[in-house]
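Notes for the structure review
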Amino acid sequence: MDKRLIVRDIVGGDSAVSTDSGNLVFKQLEKELAHENAVVLDFNGIELMTTAFLNAAIGQLYSTRSSDQLNRLLKLENVAADDRILFKKVVTRAKEYFSNKSHFEDSANNALYGS
């Protein structure tokens, strides 16, 4: 039986907007995934969501788990159609970033501080 995590209960309301809230969700997911438990992440009742939240909650999973593992163990439910676009962007960026983290950090440093 899959473990069901209700985002609304974890974040304490209908808005999933802050990095701190995303980190709360991430910690719950990590706890379950560490035991190879299948997880349903239920977004029922979430009215507002940001990429900051999703980067913390979902994006950083790609630093600890493979895409295959996440595809196998993590299911999303009750995601609003508009929010699916945010998920796709966050997942794509996370996969790119964590597959070549040093390149992204070097590029960011060069952009900020020069060569």
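1. A closer look at the confidence of the model for the protein
- Summing up the model confidence of the protein, the mean pLDDT is 89 and the portion of residues at 70 or higher is 89%.
- Within the protein, helix H1 (residues 7-11) carries the highest mean pLDDT (98), whereas helix H6 (residues 101-113) carries the lowest (59).

2. Describing the pattern of salt bridges
- As enumerated under the stated definition, the model contains 4 salt bridges in all.
- Close ionic contact of Glu77 with Arg4 constitutes a salt bridge, the shortest N to O distance being 2.8 Å. One end of the pair, Glu77, is in strand E5 (residues 74-77); the other, Arg4, is in strand E1 (residues 3-6), with 73 residues separating them in the sequence.
- The exposure class assigned to Glu77 is partly exposed, which follows from its relative accessible area of 31%.
- The salt bridge involving Arg72 is made with Glu36; its shortest N-O contact spans 3.3 Å. Taken together, the positions of Arg72 in helix H4 (residues 67-73) and Glu36 in the loop between helix H2 (19-33) and strand E3 (39-42) put the pair 36 residues apart, joining distant regions of the chain.
- Looking at Glu36, the relative accessible area reads 41%, which means it is partly exposed.

3. Digging into the packing of aromatic side chains
- Overall, the coordinates contain 2 aromatic pairs when judged by the stated rule.
- Between Phe43 and Phe87, the aromatic rings sit 5.3 Å apart at their centres with planes inclined by 85 degrees, giving edge-to-face as the arrangement. Placement of Phe43 in the loop between E3 and strand E4 (48-49) and of Phe87 in helix H5 (residues 81-99) is noted, with a sequence separation of 44 residues between them. For the pair Phe43 and Phe87, a shared accessibility class is recorded, and that class is buried.
- Aromatic side chains Tyr97 and Phe98 sit 4.8 Å apart centroid to centroid with 80 degrees between the ring planes, which places their arrangement in the edge-to-face category.
- Under the relative-accessibility criterion, Phe98 is labelled partly exposed at 27%.

4. Description of the layout of surface pockets
- A volume near 230 Å³ is recorded for the largest pocket.
- Listing elements by their share of the lining of the largest pocket, those giving two or more residues are H4, E5 and H5.
- Among the elements that line the lining of the largest pocket, the one with the most residues is H5, at 3 residues.
- Grouping the amino acids of the lining of the largest pocket by side-chain chemistry returns 8 nonpolar, 1 polar and 1 charged.

5. Quick word on the sheet that holds E3
- Spatial ordering of the open sheet is given by E1-E3-E5, a layout of 3 strands whose pairing is parallel. Two strands close off the open sheet at either side, each with one partner strand: E1 and E5. Between one strand and the next, the sheet's axes are offset by a mean angle of 25 degrees, whatever the strand orientation.
- The strands that H2 touches are E1, E3 and E5; relative to E3, the one it contacts most, it runs at about 165 degrees.

How each quantity is defined
- Residues numbered from 1 in each chain as written.
- Predicted model: local features only at pLDDT ≥ 70, side-chain atom pairs only at ≥ 80, totals over all residues.
- Heavy atoms only, no water.
- pLDDT = per-residue confidence, 0-100.
- Helix = DSSP H or I, 4+ residues; strand = E, 2+ residues; numbered from the N terminus.
- Salt bridge = Lys/Arg side-chain N within 4 Å of Asp/Glu carboxyl O.
- Buried < 20%, exposed > 50% of the residue type's maximum accessible area, 1.4 Å probe, protein only.
- Phe/Tyr/Trp six-rings, centres within 6.5 Å; stacked < 30°, edge-to-face > 60°.
- 1 Å grid on protein atoms, 1.4 Å probe; cavity = no way out; pocket = protein on both sides within 12 Å on 5 of 7 lines; lining within 4 Å.
- Points joined across faces, edges and corners; volume = space filled by probe spheres on them.
- Nonpolar A, V, L, I, M, F, W, Y, C, P; charged D, E, K, R; others polar.
- Pairing = 2+ DSSP bridges.
- Axes fitted to C-alpha atoms, helices over the stretch in contact; angles between N-to-C directions.
- Contact = heavy atoms within 4.5 Å.

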